[in-house]
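As a plain string of letters, each chain reads:
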Amino acid sequence: MASGGKNNCYMNRCGEVSTDGARVNPVESYPMNGGEGPTSYSHNSQYQGEGVNASKQLISAAIADNISLSELSSLDTFHIADLGCSVGPNTFSVVQNIIGAIEHKLLPLGASSKVALDFQVSFNDHSSNDFNTLFSSLPSKARRYFAAGVPGSFHGRLFPKASLNFVHSSYAVHWLSQVPNEVKDETSPSWNKGKIFSVEAKQEVQEAYSSQFAKDMEVFLKARADEVSVGGLMALTLPYTKGPVNVEQSLFYRLFRILELALNDMADKGRLDEGKVNSFNLPIYIPYAEEIQKLVERSGSFTIEKMQPLTSTAMGFSSRLDARKCSFIVRAPMEGIITQYFGSVAIDEIFEKYVEMAEKNWDFVAQSAAFTDDLFVLLKRKAW
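Here is what the cut-offs are and how they apply
Residues numbered from 1 in each chain as written. Predicted model: local features only at pLDDT ≥ 70, side-chain atom pairs only at ≥ 80, totals over all residues. Heavy atoms only, no water. Helix = DSSP H or I, 4+ residues; strand = E, 2+ residues; numbered from the N terminus. Buried < 20%, exposed > 50% of the residue type's maximum accessible area, 1.4 Å probe, protein only. Contact = heavy atoms within 4.5 Å. Areas by Shrake-Rupley, 256 points an atom, 1.4 Å probe, with all protein chains shown as cover. Pairing = 2+ DSSP bridges. Axes fitted to C-alpha atoms, helices over the stretch in contact; angles between N-to-C directions. Arc of directions from axis to C-beta. Left-handed = near helix turned anticlockwise from the far one by under 90°. Nonpolar A, V, L, I, M, F, W, Y, C, P; charged D, E, K, R; others polar.

Per an unreviewed UniProt entry, the recorded name for the protein chain is S-adenosylmethionine-dependent methyltransferase, and the organism is Aristolochia fimbriata.

Listed below in C-alpha cells is the structure:
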C-alpha cells in the first residue's frame, strides 16, 4: 500500500481507517491466483474475456452518447479506474477500448486534441493481488496512458473526491466483502450445512446472502459517488439471475456444485473435517436485475443509463472443456479461499477429487444452458 499523503485514509478496507478517522472492519481478501502457471487466473479467465468483448460495443456507445466534446476539451487528464482488475489480460483490453472510444470522440477536434489529453489509469484490487504479474504484463508498445496500482477493497473509498471520469468493473461486484455470519453458525436458521453458497439453498440462506450483497453495494455506491465527477460514467458487468431455475442451469453454478460434491465426499471419507465443510461458504452472490436497480435508485447518486443482458460467444463455452480444465477454472479464483479454510496441504487433493467428481458427473456439467447470464449496467453520476 502507498504510504504518506491524504490518500492513505481512502484505502480503508485493507484494514485501516475511514475518511473520518473511524475504524472499519477489514473485508475478507482472496485474490485470484497470480503468476503464469496452469492454474493462474491469467490462463483461466477466458470466460471473463468473452464478457469483456461482449461489453466493448456498449462501452463505446456509452462514451459516444454520454460524454460531450466540451467536457473532454476542458480536461487535461481523463482518469479511468478498473476495480477488481486482477492480473490481466482482460483489464488491459478494457482500458484500451475505453481510451479508443474517447479518442474517437475527440476526432472532430483534430489530431492535436488527442495529443493534448492525457490518460491516467488506476488498476485496483486487494493489496494481496499479484500486482507484479499485472505490471510485468502491462502493454509497452504505443501505450497511451499513465498507469498506477491502487491497492485496497472497493468496498470503501479509494480515490480523492470527484477525481474519476470513468469507472469500470467486470465480474467483481458479485464478490461479497464477507460471507454472512449466520450461514456459518450451526445454531442459526440460516446455517448452510453441506452447501457452499446460496443457489439451491433454503430461503433463510438466500436472504442472508441478499442482505450482505445489499450492504456491500450500498458501501460501494456511496464510495463511488464521492469519487466520480459529475457526469462521469461507471460500467459494471456481473453475473445475474432471472430466477432459481435459470441459475441452476448455468455452467457457473454447476462448476461450483462439483466443488460442493467434492468437499462433501472428502468429508464423508474422513479426508476433511466435516464441521469445517459444513461451515464453508463462498463469498459470492448472484443477484436479480431488480435488486441492482433498487440499490442504485436507493443510493440516489447515479442514474441508470442502460441495463441489459450481454450476448457473448460463451454460450458454447462448455463444449471446449474437460474435467481438468474445469478444475483450473474453479481453482484460479478460489484457491486462496479454500487454502485459508482447509490448509495448503489439502489443496491438491481437493482438486484431484474435483476432477474425479467432474468426470463422474460430466453430463451434468456439459449440458449446461450457458456459462451464466451476465448483465451490463451503465451508471451516470448525478449533479451534487
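## As for the overall build of the protein chain
What the protein chain contains, in helices and strands, is 13 helices and seven strands. Buried residues in the protein chain amount to 55% of all 384 residues. Of all intrachain contacts in the protein chain linking residues separated by at least 6 positions in sequence, the fraction that spans at least 24 positions is 82%. Taken as a whole, the protein chain presents about 16200 Å² of accessible surface, with 49% of it coming from carbon and sulfur.

## What about the sheet that holds strand 6 (residues 302-309)?
One open sheet accounts for seven strands, arranged 3-2-1-4-5-7-6; its pairing is mixed. Whereas interior strands pair on both sides, the edge strands pair on one side only; in this sheet they are strand 3 (146-151) and strand 6. Across the sheet, the mean angle from the axis of one strand to that of its neighbour is 15°, orientation sign disregarded. Against the sheet, helix 6 (residues 203-227) touches strand 1 (77-83), strand 4 (164-170), strand 5 (228-240), strand 6 and strand 7 (373-381), its axis set at about 150° to strand 5. Contacts from helix 10 (residues 289-299) reach strand 5, strand 6 and strand 7 within the one sheet, and its direction differs from that of strand 6 by about 170°.

## Considering unusual backbone geometry
The residue Ser86 is not glycine, and still its phi comes out positive at about 60°. Structurally, the position occupied by Ser86 is in the loop between strand 1 and helix 3 (90-106). The class for Ser86 is buried, based on a relative accessible area of 3%. Non-glycine residue Ala162 carries a positive phi angle of around 55°. Relative to the assigned elements, Ala162 resides in the loop between strand 3 and strand 4.

## Side note on helix 10
Every α-helix winds through 3.6 residues per turn, so residues three or four apart in the chain are directed the same way. Taken together, the buried positions of helix 10 are Ala289, Glu291, Ile292, Leu295 and Val296. Relative to the axis of helix 10, the buried residues are bounded by an arc of 160° and lie together on one face. Turned more than 90 degrees away from the buried face of helix 10 sit Lys294, Glu297 and Arg298, all of them exposed. Contacts from the buried residues of helix 10 go to helix 6, strand 5, strand 6 and strand 7. Gly300, located one to two residues past helix 10, shows a positive phi value of around 75°.

## Some words on the environment of Ala61
Along the chain, Ala61 turns up in helix 1 (residues 46-66). Along the primary structure Ala61 and Ala101 are separated by 40 residues, whereas in three dimensions their C-alpha atoms are 8.2 Å apart.

## Observations regarding the packing of helix 11 (residues 323-342) against helix 12 (residues 347-360)
Running from N to C, helix 11 and helix 12 point in directions that differ by 145°, and their axes come no closer than 10 Å. Once helix 11 is placed against helix 12, the crossing between them reads as right-handed. Contact with helix 11, carried on its side by Ala323, Arg324, Cys326, Ser327, Val330, Arg331, Glu335, Ile338, Thr339 and Phe342, involves Ile347, Asp348, Ile350, Phe351, Glu352, Tyr354, Val355, Ala358 and Glu359 of helix 12 and no other residues of that element. Across the contact of helix 11 with helix 12, the residue classes tally to eleven nonpolar, two polar and six charged.

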